Each structure stands twice: as structure tokens, then as C-alpha cells.
Amino acid sequence: MNSIQLKIENKIATITLNRPEVFNSFNRDMALSLQSILDDCENNSEVRAIILTGNGKAFCAGQDLKEVTDPELNPGFKKILEEHYNPIITRIRSIKKPIIGAINGVAAGAGANIALACDIVVAHEKVSFIQAFSLIGLVPDSAGTYFLPRLIGFQKAQALAMLGDKISAEEAERMGMIYKMIPLDSFEEETNKLALKLANMPTKALGLIKELFNKSMTNTLEQQLALESKIQIEAAQSEDYKEGVAAFIEKRKPNFKGK
């Protein structure tokens with residue numbers, strides 16, 4: 001059974017973590033496979049939006065601890081971080097296509113932080129998020145200490161990292177950790193509808209928006225204003241901008257191509 005499943009339909013790539021017997025926890029094969037599939041989606045011009053989700057009861061329980069406790073399998077934390085999780089996070093943030101984290105079950109440890117690195121995160125009402133690292137004597141990785149305080153504030157983020165509290169999807173939405181909680185019975189339908197909306201939007205502009213928000217994490221105000229000017233000029237030269245203006249003037253629905 002493939003540890004990662006990929007389906008491409010209606011300009012949407014659905015990437016599914018597929019080790020349900022271990023709550024989609026990562027081993028080396030799964031981490032490297034996810035990187036390869038993300039690269040394929042980035043380079044496939046037919047893909048205009050990406051959904052990242054999990055198979056079974058969990059989204060992802062983080063690292064497969066059997067791998068790190070088996071002397072024959074253990075790649076070591078240096079390799080796990082530098083070759084597994086860090087490249088996954090870098091890809092999620094650098095791909096100039098919208099990525100929806102469709103959180104279908106518990107997201108713990110690195111799984112929670114991979115979820116939070118996505119552009120738009122949705123979860124159903126049964127989902128929970130756990131910064132589980134401290135519960136086994138570790139510290140957050142996979143950019144958890146980068147994104148979490150920026151999403152919910154320094155004090156709350158540090159408390160969650162230290163205490164390992166379980167946060168419901170409802171509370172995650174309330175505190176701004178995720179975009180939206182969706183009822184379980186309509187979760188897949190609403191997620192696909194959201195992805196289809198993104199896939200039919202001017203996706204070149206969406207990629208540029210993503211680039212701007214990435215740089216805003218470290219830029220000064222002056223640097224960000226200069227970057228907005230530069231990227232706005234680039235966006236104004238796109239075919240999608242021309243189509244959007246023409247459709248507005250002609251009072252018709254635009255047909256964006258992502259170019």
C-alpha cells in the first residue's frame with residue numbers, strides 16, 4: 001500500500017497520507033514520498049490547487065516512534081528534521097499554488113505543525129490539535145515555534161507547546177489557529193468546493209499573495225511596501241489580470257487560466 005495517495009481531478013490534486021494503521025505517522029518512506037509528490041504537483045500545470053488530508057481516523061500523529069526506537073531503522077533526529085520535516089514545510093510554503101490542509105482527524109506533533117503550515121486550514125468538529133512534543137520530552141519542530149505564535153499569539157502558543165493541551169477544532173477556529181471548522185457530515189463536500197473555488201481563481205495571483213505573506217514574517221514595513229509594489233506590477237502583467245478586468249467591464253464571469 002502506498003504511504004501517500006494522489007488523485008488529480010478538476011485541476012485539484014488531493015494528497016492523502018495513507019498509513020491509517022499508525023494514524024498516518026511519518027516514517028522515512030512516507031516523508032520522502034510526500035516531498036516527491038509535492039514537487040510533482042508544483043510542476044504539473046494541470047494542478048491549480050492542492051488538498052492535503054489523511055486516510056482513516058487521524059490526519060497525522062507526527063513521527064512514527066517505532067522508527068526512532070528501532071536500532072535498525074532509526075535514521076536519527078538530525079536526518080529526520082533536515083531530510084524529512086524541514087523540506088516538507090519548505091515545500092508547502094514555497095509552492096506557488098494554494099494548499100488546503102483538510103484536517104480529517106487528530107493532528108499531533110509534527111502532524112499538527114504540517115497542518116498549520118498550509119495556506120488555508122479546515123477541520124471538522126471531531127478534530128483535535130496537540131503540540132505533543134513536551135509530553136515525551138521533546139520540543140516543537142516542523143516550524144511549530146514559527147507559525148503557532150504568529151497565528152495565536154506568543155503567550156498562548158508557548159503555553160500549548162509546554163502543556164501539550166488538546167485543542168478542539170472549534171477552539172482552534174476561535175483562537176485563529178485554523179480558518180474554519182466544518183460539520184463532519186459535509187466536510188469532504190465543503191472542502192472540495194473550497195478547493196474548486198481556488199482552482200478556478202487567478203491562481204498566479206494566489207501564488208504571489210502567498211509569497212507576500214511569507215516575506216511579511218520577517219520584512220520591515222518599508223521592505224514589505226516595496227515588495228508589494230514589485231509584485232503588484234508583476235500581477236498587473238498577467239493574463240488573469242487582463243481577463244479579470246475584461247470580465248468586470250463586460251459583466252460576465254471571468255475565465256482565469258492561472259497565467
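These notes cover the structure that comes with them. Just so we're clear, the structure is a prediction, and the values are computed from it rather than from any experiment.

So, the packing of helix α3 (residues 77-94) against helix α4 (residues 110-117)
Part 1 of the reasoning: At a closest axis distance of 9 Å, the pairing of α3 and α4 adopts a crossing angle of 20°. Comparing the axis directions of α3 and α4 gives the class roughly parallel. The crossing of α3 and α4 is right-handed. Two secondary-structure elements touch here, α3 through Y85, I88, I89, I92 and R93 and α4 through A110, N113, I114 and A117.
Part 2 of the reasoning: Across the contact of α3 with α4, the residue classes tally to seven nonpolar, one polar and one charged.

Some words on the environment of V22
Part 1 of the reasoning: The residue V22 is located in the loop between β2 (12-17) and α1 (28-43) in this model.
Part 2 of the reasoning: Judged by relative accessible area, V22 falls into the partly exposed class, the value being 22%.
Part 3 of the reasoning: Put simply, V22 and A61 are 39 residues apart on the chain and 7.9 Å apart in space, counted from C-alpha to C-alpha.

Notes on unusual backbone geometry
Both trends apply: most residues other than glycine have a negative phi, and most peptide bonds are in trans.
Part 1 of the reasoning: Of note in the backbone geometry, F23 takes a positive phi value of approximately 55° without being a glycine.
Part 2 of the reasoning: Looking at where F23 falls in the secondary structure, it is placed in the loop between β2 and α1.
Part 3 of the reasoning: Positioned with a positive phi, S142 is a non-glycine residue whose angle comes to about 55°.
Part 4 of the reasoning: The topology assignment puts S142 in the loop between β8 (128-130) and α5 (144-152).

Description of the sheet that holds strand β1 (residues 4-9)
Part 1 of the reasoning: Pairing is mixed across the open sheet formed by six strands, whose spatial order is β1-β2-β3-β5-β7-β10. Only two strands of the sheet have a single neighbouring strand rather than two, namely β1 and β10 (180-182). Strand-to-strand twist in this sheet, taken as the mean axis angle between neighbours without regard to direction, amounts to 20°.
Part 2 of the reasoning: Bridge count for strand β5 (residues 99-103) against strand β7 (residues 120-124) is four bridges, and the pairing is parallel. From the neighbouring strand, G101 faces β7, where its bridge partner is V121.
Part 3 of the reasoning: Across the sheet, α1 is in contact with β1, β2 and β3 (49-54); its angle to β2 comes to roughly 180°.

What to know about the nonpolar core
Part 1 of the reasoning: The biggest cluster of nonpolar side chains holds 48 residues, and the ones touching the most others in it are F26, F129 and M177.
Part 2 of the reasoning: Filtering out sequence-adjacent residues up to four positions away, F129 remains in contact with I103, A107, A115, A123, D165, K166, I167, A169, A172, M177 and I178.
Part 3 of the reasoning: Ranked by size, the runner-up nonpolar core spans 13 residues in total, among them A102, F187, L194 and L198.

Conventions adopted
Residues numbered from 1 in each chain as written. Predicted model: local features only at pLDDT ≥ 70, side-chain atom pairs only at ≥ 80, totals over all residues. Heavy atoms only, no water. Axes fitted to C-alpha atoms, helices over the stretch in contact; angles between N-to-C directions. Helix = DSSP H or I, 4+ residues; strand = E, 2+ residues; numbered from the N terminus. Parallel < 35°, antiparallel > 145°, perpendicular 65-115°, else oblique. Left-handed = near helix turned anticlockwise from the far one by under 90°. Contact = heavy atoms within 4.5 Å. Nonpolar A, V, L, I, M, F, W, Y, C, P; charged D, E, K, R; others polar. Buried < 20%, exposed > 50% of the residue type's maximum accessible area, 1.4 Å probe, protein only. Pairing = 2+ DSSP bridges. Core = buried A, V, L, I, M, F, W, Y, C linked by side-chain atoms within 4.5 Å.

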